[in-house]
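Architecture at a glance
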Amino acid sequence: SKHIVSLPRFVKGGTLGGYSKYLICDEPFSVCELQRCKQAEGSWFKDNNVIQDGTLFLATKIDILFVVLPLLEMSSQKFQDNLVNVEQILSTLPTNLIHTYS
């Protein structure tokens, strides 16, 4: 299965810089960053129809560390000196960040 997940994006200094979307595939496991490309005017042809929204989504495979490290940084303020596992870190994220794609 595939999942689309929105996670916080941090800028220099650890401040929140918005959210990035990632496509997570289970088999074989891979993580791709999703980027939306949209021009002012554009469309697609599908069969004999014209789709007016010319938006293109580009999925680029990335190393999972680029996703995990900002989450660890974000959770370090909450847990400070305690050792925690990944499930505890992920449980601190707002549940509305995860969107399922099928």
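What counts and what doesn't
Starting from 1, residues in each chain are numbered consecutively following that chain's sequence as written. Reporting in this predicted model follows two pLDDT cut-offs: at least 70 for local features of residues, and 80 or more for side-chain atom pairs to be given and counted; totals over whole chains, interfaces and linings ignore these cut-offs and use all residues. Derived side-chain values reflect all non-hydrogen atoms in the structure, with water molecules and hydrogen atoms excluded from consideration. By definition, any uninterrupted DSSP run of H or I lasting at least four residues is a helix, any uninterrupted run of E lasting at least two residues is a strand, and each is numbered from the N terminus. Accessibility here uses a 1.4 Å probe with only protein chains present; expressed as a share of the type maximum, an area under 20% marks a residue as buried, one over 50% as exposed, and anything in between as partly exposed. Residue contacts are counted whenever heavy atoms from the two residues lie within 4.5 Å of one another. Confidence scores labelled pLDDT are given residue by residue by the predictor and lie between 0 and 100. The patches reported here contain residues having more than 30% relative accessible area and no salt bridge. Joining distances are 9 Å for like charges and 5 Å for nonpolar side chains (Val, Leu, Ile, Met, Phe, Trp, Tyr). Only the protein chains shown count as cover for residues, and the accessible areas themselves come from Shrake-Rupley with a 1.4 Å probe. We define a salt bridge as a side-chain nitrogen of Lys or Arg found within 4 Å of a carboxyl oxygen belonging to Asp or Glu. The set of buried Ala, Val, Leu, Ile, Met, Phe, Trp, Tyr and Cys residues whose side-chain atoms join them within 4.5 Å is what this entry labels a nonpolar core.

1. Looking at the overall build of the protein chain
Helix and strand counts for the protein chain come out as 2 helices and 7 strands. In the protein chain, the order of α-helices and β-strands from amino to carboxyl end is β-β-β-β-β-β-α-α-β. Within the span of the protein chain, comprising 102 residues, buried residues form 20% of the whole. A separation threshold of at least 6 residues defines the contact pool for the protein chain, and within that pool the share at least 24 residues apart is 37%.

2. Let's talk about the confidence of the model for the protein chain
Taken as a whole, the protein chain shows an average pLDDT of 78; of its residues, 75% reach a score of 70 or greater. When the elements of the protein chain are averaged for pLDDT, strand S7 (residues 98–101) gives the smallest value, 56, and strand S6 (residues 56–62) the largest, 91.

3. Some thoughts on a nonpolar patch on the surface
On the surface, a nonpolar cluster with roughly 520 Å² of combined accessible area is contributed by Phe 29, Ile 64, Leu 65, Val 68, Leu 69 and Leu 72. Residue placement: Ile 64 occurs in the loop between S6 and helix H1 (65–79).

4. Structural notes on the nonpolar core
Residues Val 5, Leu 7, Tyr 22, Val 31 and Val 67 constitute the largest nonpolar core, which totals 5 residues. Filtering out sequence-adjacent residues up to four positions away, Val 31 remains in contact with Tyr 22, Leu 23, Ile 24, Thr 60, Lys 61, Ile 62, Ile 64 and Val 67.

5. Things to note about unusual backbone geometry
Note that the residue after Glu 27, namely Pro 28, is joined by a cis bond; omega there is -15 degrees. One can find Pro 28 in the loop between strand S2 (16–25) and strand S3 (30–37). Even without a glycine there, the phi angle at Asp 47 is positive, about 55 degrees. Mapped onto the fold, Asp 47 is located in the loop between strand S4 (44–46) and strand S5 (49–51).

6. Observations regarding the side chain of Ser 20
Structurally, Ser 20 is set in strand S2. Each residue touching Ser 20, except ones within four places of it in the same chain, is listed here: Val 5, Ser 6, Leu 7, Arg 9 and Glu 33.

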